[in-house]
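Spelled out from the first residue to the last, the chains are:
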Amino acid sequence: MPDVRSALREAAERLAATSDTARLDAELLMAHVLGVSRTELLLRHLHSGPPANFTSILDRRLNHEPIAYILGTQPFYGLDLEVGPAVLIPRGDSETVIDAARLAREGRPPARILDLGTGSGALLLAALTLWPEAQGIGLERSAAARAVAARNAARNGLAPRAQVIAGDWTRSGWADGLGQFDLVLANPPYVEEGAALDLSVSAHEPSEALFAGPEGLDDYRLLIPALPALLAPGGTALVEIGATQSEAVAALAQATGLTAKVHHDLASRPRCVEMA
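Residues numbered from 1 in each chain as written. Predicted model: local features only at pLDDT ≥ 70, side-chain atom pairs only at ≥ 80, totals over all residues. Heavy atoms only, no water.

**Q** How would you explain the nonpolar core if you had to name every residue and give the values?
**A** Of all hydrophobic cores here, the largest spans 27 residues; its most connected members are L116, W174 and M275. Not counting residues within four places of it along the chain, the set of residues in contact with L116 comprises L139, W169, W174, V184, L185, A186, N187, L223 and L227. (Core = buried A, V, L, I, M, F, W, Y, C linked by side-chain atoms within 4.5 Å. Buried < 20%, exposed > 50% of the residue type's maximum accessible area, 1.4 Å probe, protein only. Contact = heavy atoms within 4.5 Å.)

As structure tokens, then:
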């Protein structure tokens, strides 16, 4: 009689053409269907009968749907975040922005934080966990994404300090009335139009949060000139970048009268630019 162990083996074999982490994917999906942790699955459920709805969940992954969307959550900087097709999946690369912010503001805790294009709220909420006295605003043009960010603030106990508001930096006057901030964070769209992406990204994640013109720089050209007015005296801005964009983004910062410092991710690739 089939059991969970054999179902996992078969699922991993089928997923091998779709995923570089086929066995892990199979285990995470099975644990999700059973309503247990992956550890509990491996310790207690391998000899149980496989659940009937595992096949339908597996089919979603075989169609390149991201694991995080199927599970409905994604960890980020110690937070448990709700994710879905309205928002990009927070990735470890973006934690570089938070690490760089922590270093940049060492001994100078920010009182006001702004996250431009907050999406799931990942950057804003991670920053608020680092600085428990800070208040933050997440600006987002997508109503569906704003709803996700607000729920994430609530599920992580940060709603009293996190305000999620509507805003679109492609419209004139978008920054009017926001005031000034000690820390501004942004992970804007920065993928070049026509870039080859994994199907799990291109077919499922929101394109409006990915693509930014032929060089991937269109949103930086709008955001960076607005930063001097948004930064309080002594303030710091950090924007995530693509691995080949450090020189172009630094040049935009310098042309605006800001200093620019590039931070690298764990793979030693340029990943964010610090401006002040």
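After that view of the structure, there is still more to cover.
**Q** Pulling in residues and values, what's your account of the pattern of salt bridges?
**A** Per the stated rule, a full pass over the model turns up 17 salt bridges. As a salt-bridge pair, E205 and R91 come within 2.4 Å of each other at their nearest N and O atoms. Here E205, found in the loop between helix 9 (199-202) and helix 10 (218-223), pairs with R91, found in the loop between strand 2 (79-82) and helix 6 (95-104); they are 114 residues apart in sequence, far enough to count as distant. For E205, a relative accessible area of 4% corresponds to the buried category. (Salt bridge = Lys/Arg side-chain N within 4 Å of Asp/Glu carboxyl O. Helix = DSSP H or I, 4+ residues; strand = E, 2+ residues; numbered from the N terminus.)

**Q** Please give an account of the packing of helix 1 (residues 4-15) against helix 4 (residues 54-62) that cites residues and values.
**A** Here helix 1 crosses helix 4 at 20 degrees, and the two axes come no closer than 10 Å. Considering their axes alone, helix 1 and helix 4 lie roughly parallel with respect to each other. Here helix 1 runs over helix 4; the crossing is right-handed. Along its contact with helix 1, which presents A7, A11, R14 and L15, the element helix 4 presents F54, L58, D59, R61 and L62. Tallied by class, residues from the contact of helix 1 with helix 4 come to six nonpolar, no polar and three charged. (Axes fitted to C-alpha atoms, helices over the stretch in contact; angles between N-to-C directions. Parallel < 35°, antiparallel > 145°, perpendicular 65-115°, else oblique. Left-handed = near helix turned anticlockwise from the far one by under 90°. Nonpolar A, V, L, I, M, F, W, Y, C, P; charged D, E, K, R; others polar.)

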